[in-house]
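# A look at the structure
Chain residues, written in single-letter form:
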Amino acid sequence: MGLLDGKVCLITGASRGIGAATVKRFAEEGAIVYANARTPNILDDLCLELSETHNTTVKALYFDVRDEIASKKAVIQIRKETGKLDVLVNNAGIMKDALIGMISRDLMQEIYDTNVFGVMNMIQLASKVMMFQKNGSIINLASIVGLEGNPGQLVYSATKGAVATMTKTASKELAPQGIRVNAVAPGMIDTDMFRSIGDEKIKEHLANIRMGRLGTPEEVADVILFLASDLSRYITGEIIGVNGGAMV
Ligand SMILES: NC(=O)c1ccc[n+]([C@@H]2O[C@H](COP(=O)([O-])OP(=O)(O)OC[C@H]3O[C@@H](n4cnc5c(N)ncnc54)[C@H](OP(=O)(O)O)[C@@H]3O)[C@@H](O)[C@H]2O)c1
């Protein structure tokens, strides 16, 4: 018996990092997984391999979370094919740093389009299906910097703060419909996104992690799995840190 046997799950931004690790973890636990990426065909091999290994269905859905029409079509497709949607993981996100005084309007727009408007849109689309079935779990990817702030990340931290508060509001609004909404707030996780800050900064950050190492995408995926599964059936509106005791 898997923790997600038969549950239909949509994971955005699954081409690499935390999203890809979550797709693998969910498939291991028996979920029917719809893995989203924006580059056509990039997930085809992984989906085939996971479907065969775990005797389940792992299917790629190619769309950009900034594209409202494509996102809507994707959710409609899931509903048509399976009749339901049990879990949404809003993982797709981008991080671009700039110091105060150097931030362009285009940069603000770009990060907000994906990290905030994309997530709000997916919550609306998924919750419509979940309301109908009176059941569902939505997990959003916030960040330690969205709660604590971090120099150079005015825009990114604000978007992740928005994810944290929208998690709380959505959890309050959707609880009566049987829909749980929670977030994970990772610290410093060893993915392309974190590595993009450069070796010098990584060294500085490592000194501020009490457990003395970066987290792995799999360690975040395990917490997402908990929130997706019925093990967390009485938890909603929570933002769970996954940070090894990091200080920012
Ligand atoms: N790594 C960390 O230390 C850390 C810490 C706190 C929070 N987080 C959050 O955790 C989530 C995953 O981060 P990660 O570290 O795994 O990042 P990552 O390695 O950069 O992966 C990000 C994923 O999001 C996808 N994506 C970006 N924009 C998209 C869009 N418009 N539509 C669809 N997919 C899109 C990327 O696809 P492409 O391959 O097409 O670019 C990629 O698959 C993000 O929300 C991030 O903010 C990460």
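Residues numbered from 1 in each chain as written. Predicted model: local features only at pLDDT ≥ 70, side-chain atom pairs only at ≥ 80, totals over all residues. Heavy atoms only, no water.

### Some remarks on the site of the ligand
Contacts to the ligand come from 31 residues, most closely from Ser15, Arg16, Arg38, Tyr156 and Thr191. Gly187 has a polar backbone atom sitting 3.3 Å from an oxygen atom of the ligand. At 2.5 Å from an oxygen atom of the ligand is found a side-chain nitrogen or oxygen belonging to Thr191. Against a free-state accessible area of 890 Å², the protein chains account for coverage of 95% of the ligand. At the level of elements, helix 1 (17–28), helix 6 (154–174) and helix 7 (192–195) are the ones that each hand at least two residues to the shell around the ligand. Looking at the shell around the ligand, the element that brings in the most residues is helix 7, giving 3 residues. Taken together, the residues of the shell around the ligand sort by class into 14 nonpolar, 11 polar and 6 charged. (Near = heavy atom within 4 Å. Polar contact = N/O pair within 3.5 Å; in protein donor to acceptor, adjacent residues only side chain to side chain. Areas by Shrake-Rupley, 256 points an atom, 1.4 Å probe, with all protein chains shown as cover. Helix = DSSP H or I, 4+ residues; strand = E, 2+ residues; numbered from the N terminus. Nonpolar A, V, L, I, M, F, W, Y, C, P; charged D, E, K, R; others polar.)

### Structural notes on the packing of aromatic side chains
Summed over all chains, the structure comprises 1 aromatic pair. For the ring pair Tyr112 and Phe117, a centre distance of 6.2 Å and an interplane angle of 45° mean the geometry is tilted. Residue classification places Tyr112 among the partly exposed positions, given a relative accessible area of 25%. Overall, Phe117 belongs to the partly exposed group, its relative accessible area being 41%. The aromatic ring of Phe132 is capped on one face by Arg79, whose charged end is 4.5 Å from the ring centroid. (Phe/Tyr/Trp six-rings, centres within 6.5 Å; stacked < 30°, edge-to-face > 60°. Buried < 20%, exposed > 50% of the residue type's maximum accessible area, 1.4 Å probe, protein only. Lys NZ or Arg CZ within 6 Å of the ring centre and 35° of its normal.)

### Some details on the packing of helix 1 against helix 9 (residues 217–228)
Helix 9 packs onto helix 1 with a crossing angle of 55° between their chain directions and a minimal axis gap of 8 Å. On the basis of their axis angle, the class for helix 1 and helix 9 is oblique. Helix 1 and helix 9 meet at a crossing whose hand is right-handed. Where helix 1 approaches helix 9, its residues Gly17, Ile18, Ala21, Thr22, Arg25 and Phe26 are matched on the opposing element by Pro217, Glu218, Val220, Ala221, Asp222, Ile224, Leu225 and Ala228. Classifying every residue of the contact of helix 1 with helix 9 by side-chain character gives 9 nonpolar, 2 polar and 3 charged. (Axes fitted to C-alpha atoms, helices over the stretch in contact; angles between N-to-C directions. Parallel < 35°, antiparallel > 145°, perpendicular 65-115°, else oblique. Left-handed = near helix turned anticlockwise from the far one by under 90°. Contact = heavy atoms within 4.5 Å.)

### What to know about the pairing of strand 1 (residues 8–11)
Side chains Val8 and Leu10 project from strand 1 onto one buried face, and the interleaved Cys9 and Ile11 project onto a second face that is buried too. On the question of chirality, the crossover connecting strand 1 to the parallel strand 2 (residues 32–37) by way of helix 1 is right-handed. When strand 1 meets strand 4 (residues 87–90), the two strands line up parallel, connected through 3 bridges. Of the residues in strand 4, the one forming a bridge with Ile11 is Val89. (Right-handed = clockwise from strand over helix to strand, strands pointing away. Pairing = 2+ DSSP bridges.)

### Digging into the pattern of salt bridges
The final tally for this structure, using the stated rule, is 11 salt bridges. Where Glu29 meets Arg25, a salt bridge forms, and the shortest distance between an N and an O atom there is 3.2 Å. Asp64 is the partner of Arg66 in a salt bridge, and the nearest nitrogen-oxygen pair spans 2.7 Å. According to the relative accessible area criterion, Arg66 is partly exposed, its value standing at 40%. (Salt bridge = Lys/Arg side-chain N within 4 Å of Asp/Glu carboxyl O.)

### Thoughts on the sheet that holds strand 6 (residues 179–186)
The strand order 3-2-1-4-5-6-7 describes an open sheet built from 7 strands, whose pairing is parallel. Two strands close off the open sheet at either side, each with one partner strand: strand 3 (58–62) and strand 7 (239–242). Within the sheet, the average angular offset between the axes of one strand and its neighbour, ignoring direction, is 20°. Across the sheet, helix 4 (residues 105–133) is in contact with strand 1, strand 4, strand 5 (136–141) and strand 6; its angle to strand 4 comes to roughly 175°. Where helix 6 meets the sheet, it contacts strand 5, strand 6 and strand 7, and its direction lies at approximately 160° from that of strand 6.

### Quick notes on the pairing of strand 5
With 6 of 6 residues buried, strand 5 lies mostly within the body of the structure. Neither face of strand 5 is exposed, since Gly136, Ile138 and Asn140 on one face and Ser137, Ile139 and Leu141 on the opposite face are all buried. In terms of strand pairing, strand 4 meets strand 5 through 4 bridges, oriented parallel. Following the sheet pairing, Val89 is matched in strand 5 by Ile139. You can see the chain leave strand 4, run along helix 4 and come back into strand 5, and the turn it takes is right-handed.

Spatial relationships are all this shows, so hold off on functional conclusions.
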